[in-house]
Amino acid sequence: MKHHHDVLVVGAGIGGLTLALQLHQAGIECRLVEAAPALAPLGVGINILPHAVREFHRLGLRAALDQAAVRTRESVFYNRFGQLVHAEPAGTAAGYTWPQYSIHRGDLQMVLVDAVRERLGDKALRLGATVTRFSQDTSGVEVTLTDGETVRGGALVGCDGVHSAVRRQLFPDEGPPRYSGYTMWRGTTLAPPFLSGASMVRAGWLTTGKMVIYPIRDDVDGSGLQLVNWVAELETPQRGGRDWSWDGAVDDVIGSFADWHFDWLDVPTLIRGAERILEYPMVDQDPLPRWSFGRVTLLGDAAHPMVPRGSNGAGQAILDTRSLTDRLVAEADPVVALADYDAERREATSAVVRLNRTNPPDAILREVYERTGDKPFDRIEDVLTPAEVEAVLGRYRSVAGYSQEALNSPR
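Residues numbered from 1 in each chain as written. Predicted model: local features only at pLDDT ≥ 70, side-chain atom pairs only at ≥ 80, totals over all residues. Heavy atoms only, no water.

(A) View of helix H8 (residues 313-330). An ideal rise of 1.5 Å per residue puts 26 Å on 18 residues; H8 measures up with 26 Å between its terminal C-alpha atoms. The element H8 is largely enclosed, with a buried count of 13 among its 18 residues. (Helix = DSSP H or I, 4+ residues; strand = E, 2+ residues; numbered from the N terminus. Expected span 1.5 Å × (residues − 1). Buried < 20%, exposed > 50% of the residue type's maximum accessible area, 1.4 Å probe, protein only.)

(B) Structural view of the pairing of strand S15 (residues 209-220). Of all twelve residues in S15, nine are buried, a share of seventy percent or more. Following strand S14 (residues 199-205), the chain reverses through three residues before pairing antiparallel with S15. Sheet topology places S15 next to strand S16 (residues 225-235); eight bridges connect them, and they run antiparallel. Residue pairing in the sheet places Tyr-214 in a bridge with Asn-229 of S16. (Pairing = 2+ DSSP bridges.)

(C) Looking closely at the sheet that holds strand S12 (residues 155-158). Across the sheet, which stays open at both edges, the five strands sit in the order S8-S2-S1-S12-S18 with parallel pairing between neighbours. Since the sheet does not close on itself, it has two edges, and those belong to strand S8 (125-126) and strand S18 (296-298), each with one partner.

(D) Region of interest: the environment of His-304. As for its placement among the helices and strands, His-304 is situated in the loop between S18 and H8. A C-alpha to C-alpha distance of 21 Å links His-304 and Ser-403, two positions 99 residues apart in sequence. In this view, His-304 contacts Arg-167, Trp-291, Gln-316, Ala-317, Asp-320, Thr-349 and Val-353; residues no more than four positions away in its chain are not counted. (Contact = heavy atoms within 4.5 Å.)

(E) Region of interest: the pattern of salt bridges. Considering all chains together, one arrives at 30 salt bridges under this definition. Of the charged contacts, one joins Asp-6 and Arg-31 as a salt bridge, the two residues approaching to 3.2 Å between their closest N and O atoms. Placement of the pair is Asp-6 in strand S1 (residues 6-10) and Arg-31 in strand S2 (residues 29-33), with a sequence separation of 25 residues. For Asp-6, a relative accessible area of 21% gives the class partly exposed. Arg-31 sits in the partly exposed class, given a relative accessible area of 29%. Notably, a salt bridge pairs Asp-362 with Lys-210, separated by 2.4 Å at the nearest N-O pair. In this pair, Asp-362 is assigned in the loop between helix H9 (334-358) and helix H10 (363-372) and Lys-210 in strand S15, connecting sequence segments 152 residues apart. You'll find Asp-362 and Lys-210 in the same group, each marked buried. (Salt bridge = Lys/Arg side-chain N within 4 Å of Asp/Glu carboxyl O.)

Next comes the structure, spelled out in structure tokens:
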């Protein structure tokens, strides 16, 4: 069934590419414009939680993702002495209908690009096209590119990330991003499997240093080694701007983790083994009062940049794509469809942005840190009860939209 919408998507990141596949599957025409002259597999690891994986499987990407990603089996929390605080199964191991994937962001982008080219054709994705401004009237939206060329469509969706040109035109006076007080250093290292071989580890706490560690590629080069993604987070005055590709140095980060020699992993060796280290300030922005203005709206990081905790940035973008597509299918007038999408997703994502500032899943590590006075414990039950753990994790699952009740029940 063909719809009369013709959607212009700005940005070929995870959100934009997924939106293109959703629209195509729904019979809605769309074209993508992307500023980068070529799409290279950039970035480091991300996690895709079951609520977002459901959308990828619906789009027929299951086999490609199973090949490119690691199916995460468990989520585990440790203090900085390597003592287990909490372990719980993840994805299908936890009884979800869909897995959780740990994947290199670039690998995911390539899976999506290949599917877009195959299904929508090469002409649907235009590279090296930077949007300078847009204007709209009662019949459509016109986008002006840097070379002065214009492109027209029935609706415009800004999927152009944290530096969104579409957002900047809608909110020119927004001001700089809000720094959380923490900076992260990220890298990927070839290493032997640890714990279950598919464990997502969060360890330590921000005040003295926190790590997130998980494998994103299995059996690299047939050697049995995995590509392991690691993120080190430290409390520090803001050091740099919001640039994804800012190079970090081992010496800036290793100090806090120098004695993290656990029987299940040697963390300093992992950090030193990285080919490249990236440094990034953990920033977000206050939720916007609205995303949709007539025929123009925002999606993903362009709409709701969040502090990267709780493995949810990409996931929320993917949920946005489903909501927006459903609204465009249901509604002949794109202005109404975009307003409905805004009403459905803005409050939901704003709640995740706010929860990521205060009580992401990692907050149980903060509780252990504070209650033990940053000392080893004898029995975790004396520090944190299972009910207290579940209160933090359960509330996050519920707000982020991946509680089992919400997911496994039919839509």
